[in-house]
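Structural characterization, general
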Amino acid sequence: MNVRRIDTTPFPGQRPGTSGLRKRVAQFRQPHYLENFVQAVFDTAPALRGGTLVLGGDGRYHNRDAVQTILRLAASNGVNRVIVGKGGILSTPAASCVIRGWAAQGGIILSASHNPGGPDADFGVKYNLDSGGPAPAAATEAIYRCTQEISRYFTVDAADVDLEEIGIVTLGAMTIEVIDPVADYAALMESLFDFNRIAEAFRSGALSVCFDGMNAVTGPYAREILERRLGACNGSVIRGEPLEDFGGAHPDPNLVHAPELVTLMQQPDAPTLGAASDGDGDRNMILGRGAYVTPSDSLAVLAENAHLIPGYAQGLAGVARSMPTSRAVDRVARALEIPCYETPTGWKYFGNLLDAGHITLCGEESFGTGSNHIREKDGLWAVLMWLNILAVRKTTVGDVLSHHWQVYGRTYYTRHDYEGIATNAAEALMQTLRDRLKHLAGENLDQLAVETADDFHYVDPVDGSVADRQGIRICFEGGGRVIYRLSGTGTSGATLRVYVEGHESDPLRHDLDPQRVLADYISAANHLAQITKFTGRVAPDVIT
Ligand code: G1P
Ligand code: ZN
């Protein structure tokens with residue numbers, strides 16, 4: 001088979017964001033676009049030559065074509081073996097699990113996560129290292145630089161490889177191992193959780209679940225694990241058929257995008273646990289009967305209860321949360337006398353802490369939680385954590401939460417997103433805030449006393465690498481906090497995220513609506529950043 005060298009020229013702005021390169025499908029379908037990026041991965045990751053690469057994606061539109069393109073580039077760049085999920089499918093956590101389990105040198109994951117899919121929607125490609133985790137900033141920067149200088153890539157003329165049968169096929173000298181996308185992941189879950197106990201709770205009727213696969217990649221994983229292996233009744237998984245366009249829906253597990261699940265969980269006869277995962281299976285939303293668990297609270301509750309689960313029975317080395325995630329888990333860590341790390345937004349910052357054994361659990365406010373079992377956040381894993389906790393404690397989600405609040409107090413939390421605003425307006429807003437920062441401490445904002453104000457600067461405790469300008473952080477006396485940052489994953493214009501939290505230590509004074517409880521902080525946040533003046537918006541597009 002002849003390797004062909006194709007002349008090419010750079011595309012401006014092929015810079016991977018917090019979760020890889022994410023663009024519209026049309027952009028990815030331009031001749032040489034995907035090829036340039038993937039060649040840059042091979043050029044900057046020499047270990048792949050002669051090594052093993054894992055390849056798979058969330059099944060969205062363009063997944064199939066992209067997998068074939070990447071296989072051709074892999075064969076001509078000297079990759080020895082590619083492990084690919086049947087049909088080109090691997091959820092993000094499964095890909096991380098397979099990279100580790102097969103001792104691969106790296107993995108290419110095709111996904112735009114929770115962004116919509118289809119010909120007019122989004123696609124993405126991301127490179128993960130041999131640890132199974134997303135490439136750190138230095139590696140993505142090297143890939144980016146390479147895309148901006150690239151002049152050629154290598155491919156072969158070959159027909160599409162049949163990926164529909166499990167087994168071994170070849171492409172030139174390269175071996176392609178087509179695997180069941182679910183098997184390795186399901187086995188890993190079985191090694192962490194008390195499947196017998198959860199199954200017994202399902203059988204006795206003490207536990208029931210509704211899992212919303214959002215027409216995305218997790219449906220087959222959830223059916224195998226929840227229905228087949230754990231015996232949850234048939235139909236426990238809804239929207240479980242993966243579709244290329246996610247049925248036109250937005251595969252983002254939150255209160256807005258999982259309406260069927262949310263309505264079901266408000267019924268008096270709702271299942272014990274309601275859950276949803278996103279396009280590529282790494283995010284999760286947890287609901288109880290009449291109860292919603294904020295992702296920040298979920299992380300705190302998992303840390304509090306992890307010792308009840310076989311895989312974590314020895315206790316936790318430490319925990320980490322992204323900076324905008326609420327500080328609920330900090331209080332649990334203090335009680336457990338374990339360290340709690342604060343990292344910039346994006347899963348990749350947890351990797352070093354996990355590899356070094358500094359932490360066991362970590363999470364983000366954006367519906368992501370995970371542990372040292374892989375190097376990605378993991379939606380179904382979080383669902384199994386909750387199911388295992390409920391099976392052991394023989395109680396409801398609502399009770400687990402109230403108990404947590406009684407012990408640690410309650411953190412109210414909300415995130416306001418302003419989407420698709422002009423990039424220069426967003427940057428001007430952030431710069432104006434930055435300019436004011438040094439004068440803010442000690443000042444009053446709408447009667448609220450500012451304690452500290454800074455632009456989050458992270459020094460990685462393991463390798464000393466620095467990430468600065470990671471978000472403007474304003475802490476108020478009394479435990480309130482407001483954070484501003486621009487999204488690194490949007491595909492058009494800029495998205496401003498404003499994160500607001502407040503802490504209430506008296507469990508009897510609980511009002512349920514965070515927008516009401518946090519109203520003073522929200523209005524101070526809007527005034528301080530002059531959001532309407534800069535963006536022309538009078539209200540956020542999405543509130544979570
Ligand atoms: C968002 C989330 C972040 C998450 C990332 C990838 O990034 O906020 O926590 O790691 O998606 O799922 P953002 O758009 O805010 O940069
Ligand atoms: Zn995702």
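Preceding block: the structure.
Values in this document were obtained by computation on a predicted structure and should not be read as measured data.

**Section: the overall build of the protein chain**
In terms of regular secondary structure, the protein chain is built from 18 helices and 27 strands. For a compact globule of 544 residues, the expected C-alpha radius of gyration is about 24 Å, and the protein chain comes in at 23 Å, within 12% of that figure. With the C-alpha coordinates aligned to their principal axes, the bounding extent of the protein chain is approximately 70 × 60 × 40 Å. Scored against the burial criterion, the 544 residues of the protein chain give a buried share of 59%. Summarising the internal contacts of the protein chain: among those between residues at least 6 apart in sequence, 71% fall at separations of at least 24. A total accessible area of about 20400 Å² is found for the protein chain, and carbon and sulfur atoms account for 48% of it.

**Focus on helix α5 (residues 137–147)**
All of the buried residues along α5 are T140, I143, Y144, C146 and T147. Projected down its long axis, α5 shows its buried positions confined to an angular sector of 160°, all on one face. Looking at the packing, one finds that the buried side of α5 touches α2 (33–44), β6 (122–129) and α12 (348–355).

**A few points about the pattern of salt bridges**
Note on pairing: side chains with opposite charge can pair once their charged atoms come close. Across all of its chains, the model carries 31 salt bridges by this definition. The residue R223 makes a salt bridge to E241 at a minimum N-O spacing of 3.2 Å. Of this pair, R223 sits in helix α8 (residues 218–229) while E241 sits in the loop between β11 (237–238) and α9 (259–265), placing them 18 residues apart in sequence. With a relative accessible area of 24%, R223 lands in the partly exposed category. Note that D330 and R321 form a salt bridge whose closest N and O atoms lie 2.7 Å from each other. When sorted by exposure, D330 lands in the same class as R321, which is buried.

**With respect to the coordination of the zinc ion (ligand 2)**
Those protein atoms acting as donors to the zinc ion (ligand 2) are S113 (OG), D278 (OD), D280 (OD) and D282 (OD), and they sit at 2.0 to 2.1 Å. Because the angles between the four donor atoms bound to the zinc ion (ligand 2) fall within 87 to 158°, the donor set is best described as irregular. Counting residues between consecutive donors of the zinc ion (ligand 2) along the chain gives the motif S-x164-D-x1-D-x1-D. Taken as a pair, D280 and D282 share a single burial class, namely buried.

**Description of the site of ligand 1**
As a structural note, the neighbourhood of ligand 1 is formed by 16 residues, with S366, S487, G488, T489 and R497 the closest of them. Between an oxygen atom of ligand 1 and a side-chain N or O atom of E364, the distance comes to 2.7 Å. A distance of 3.0 Å separates an oxygen atom of ligand 1 from a polar side-chain atom of K377. For ligand 1, whose free accessible area comes to 380 Å², the fraction covered by protein is 98%. When the residues that make up the shell around ligand 1 are grouped by side-chain class, the tally is one nonpolar, eight polar and seven charged.

**Concerning the sheet that holds strand β2 (residues 21–24)**
Within a sheet, adjacent strands bond to each other through the backbone by hydrogen bonds, running parallel or antiparallel. Reading across the sheet, the seven strands line up as β2-β6-β5-β3-β4-β9-β8 and stay open at both edges, with mixed pairing between neighbours. The strands lining the two open edges of the sheet, one partner per strand, are β2 and β8 (167–171). Each strand axis lies, on average, 20° off the axis of its neighbour in the sheet, ignoring direction. Sheet analysis places β2 next to β6, joined by four bridges and oriented antiparallel. Residue pairing in the sheet places R22 in a bridge with G124 of β6. Where helix α4 (residues 92–101) meets the sheet, its contacts fall on β3 (52–57), β4 (81–89), β5 (106–110), β6 and β9 (174–179), and the angle it forms with β5 comes to roughly 165°.

Analysis parameters
Residues numbered from 1 in each chain as written. Chains lettered and ligands numbered in written order. Predicted model: local features only at pLDDT ≥ 70, side-chain atom pairs only at ≥ 80, totals over all residues. Heavy atoms only, no water. Helix = DSSP H or I, 4+ residues; strand = E, 2+ residues; numbered from the N terminus. Rg over C-alpha atoms; globule rule 2.2 N^0.38 Å. Buried < 20%, exposed > 50% of the residue type's maximum accessible area, 1.4 Å probe, protein only. Contact = heavy atoms within 4.5 Å. Areas by Shrake-Rupley, 256 points an atom, 1.4 Å probe, with all protein chains shown as cover. Arc of directions from axis to C-beta. Salt bridge = Lys/Arg side-chain N within 4 Å of Asp/Glu carboxyl O. Donors = N, O, S within 2.8 Å, 3.2 Å for Na, K, Ca; no water. Tetrahedral: all angles 85-135°; square planar, octahedral: opposite > 155°, others 65-115°. Near = heavy atom within 4 Å. Polar contact = N/O pair within 3.5 Å; in protein donor to acceptor, adjacent residues only side chain to side chain. Nonpolar A, V, L, I, M, F, W, Y, C, P; charged D, E, K, R; others polar. Pairing = 2+ DSSP bridges. Axes fitted to C-alpha atoms, helices over the stretch in contact; angles between N-to-C directions.

That is the geometry; function is a separate question.
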